Amino acid sequence: QVASRSLFTIDVVTRALANKNTAFDYSDVLNAVMKIIDDIQAKLSKDKAQIEQLLASQNVTSKTRYDHSIEQPYSISTPHANRFALIISDLDSYLVLIDTAWLSGLIASNSVADLKYGWRRSVLRATRQLTHIARDSMKKVNRSGEELAAEVREELGVDAETDQAILSDALANEVDSTAEVA
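Remember, predicted model here, so these are calculated numbers, not experimental data. (Residues numbered from 1 in each chain as written. Predicted model: local features only at pLDDT ≥ 70, side-chain atom pairs only at ≥ 80, totals over all residues. Heavy atoms only, no water.)

**Overview of the packing of aromatic side chains**
So, step 1. Scanning all chains against the criterion turns up one aromatic pair.
So, step 2. Seen in terms of ring centroids, Tyr94 and Trp119 are 6.1 Å apart; in terms of plane orientation they differ by 65 degrees. Their pairing is edge-to-face. Taken as a pair, Tyr94 in helix 3 (residues 79–103) and Trp119 in helix 4 (residues 109–143) lie far apart in primary sequence, 25 residues in all.
So, step 3. Note on Trp119: relative accessible area 3%, which makes it buried. (Phe/Tyr/Trp six-rings, centres within 6.5 Å; stacked < 30°, edge-to-face > 60°. Helix = DSSP H or I, 4+ residues; strand = E, 2+ residues; numbered from the N terminus. Buried < 20%, exposed > 50% of the residue type's maximum accessible area, 1.4 Å probe, protein only.)

**Focus: the side chain of Thr78**
So, step 1. You can see Thr78 is positioned in the loop between helix 2 (26–57) and helix 3.
So, step 2. Those residues in contact with Thr78 that lie beyond four places of it in its chain are Leu7, Phe8 and Asp11. (Contact = heavy atoms within 4.5 Å.)

**Describing the environment of Ala16**
So, step 1. Summarising the element assignment, Ala16 is placed in helix 1 (residues 2–20).
So, step 2. For Ala16, a relative accessible area of 12% gives the class buried.
So, step 3. Residues Ala16 and Glu151, 135 residues apart in the sequence, show an inter-C-alpha distance of 8.2 Å.

**Here we look at unusual backbone geometry**
So, step 1. Located in the positive-phi region is Asn59, a residue other than glycine, with phi close to 60 degrees.
So, step 2. Examined against the element boundaries, Asn59 turns out to sit in the loop between helix 2 and helix 3.

**Observations regarding helix 2**
So, step 1. Over its 32 residues, helix 2 runs 46 Å from end to end, which matches the ideal 46 Å to within 8%, given 1.5 Å per residue.
So, step 2. Of all the residues in helix 2, the buried ones are Val29, Leu30, Val33, Ile36, Ile37, Ile40, Gln41, Leu44, Asp47, Lys48, Ile51 and Leu55.
So, step 3. Residues of helix 2 that are buried sit in contact with helix 1, helix 3 and helix 4.
So, step 4. One or two positions beyond helix 2, positive phi appears at Asn59, with a value near 60 degrees. (Expected span 1.5 Å × (residues − 1).)

Shape descriptors only; they carry no functional weight alone.
The structure is reproduced here in structure tokens:
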């Protein structure tokens, strides 16, 4: 949810800044966002292909199923948020493949834990990067004057305190998950 909100904030803020200031380069911000999304998608595609190849080489055709899967709601408010949601869905498929390889005896337990932890960190890192871009964008809006800031807050549909709480929680979760490993 934090990634979706950050992507929505980035979209709203950068459009507003570009409309107000023709010198503001909307494409630079979007290129930074696209790079974050493209990088994680490329790594996921590569890792997923490796596991698929491992399973195919051992003739493992059935996939692990979960009895109590959990659905997590995700707000898709921009094309970038949609791409991020697809990455999360792909990641879920990848984790199924990892569990299938593990249950088939093809991957050691500690390797499974390392793979899952690594991907959790990658998603958290990407989310944190998007959150920082959103926060920096909001700072630029706030420096651009109260009129523009009010327009942006209205389009965002939530007060700044709520967004700040969401962003703070995301960063706190990042710190908490780092502490768990230590």
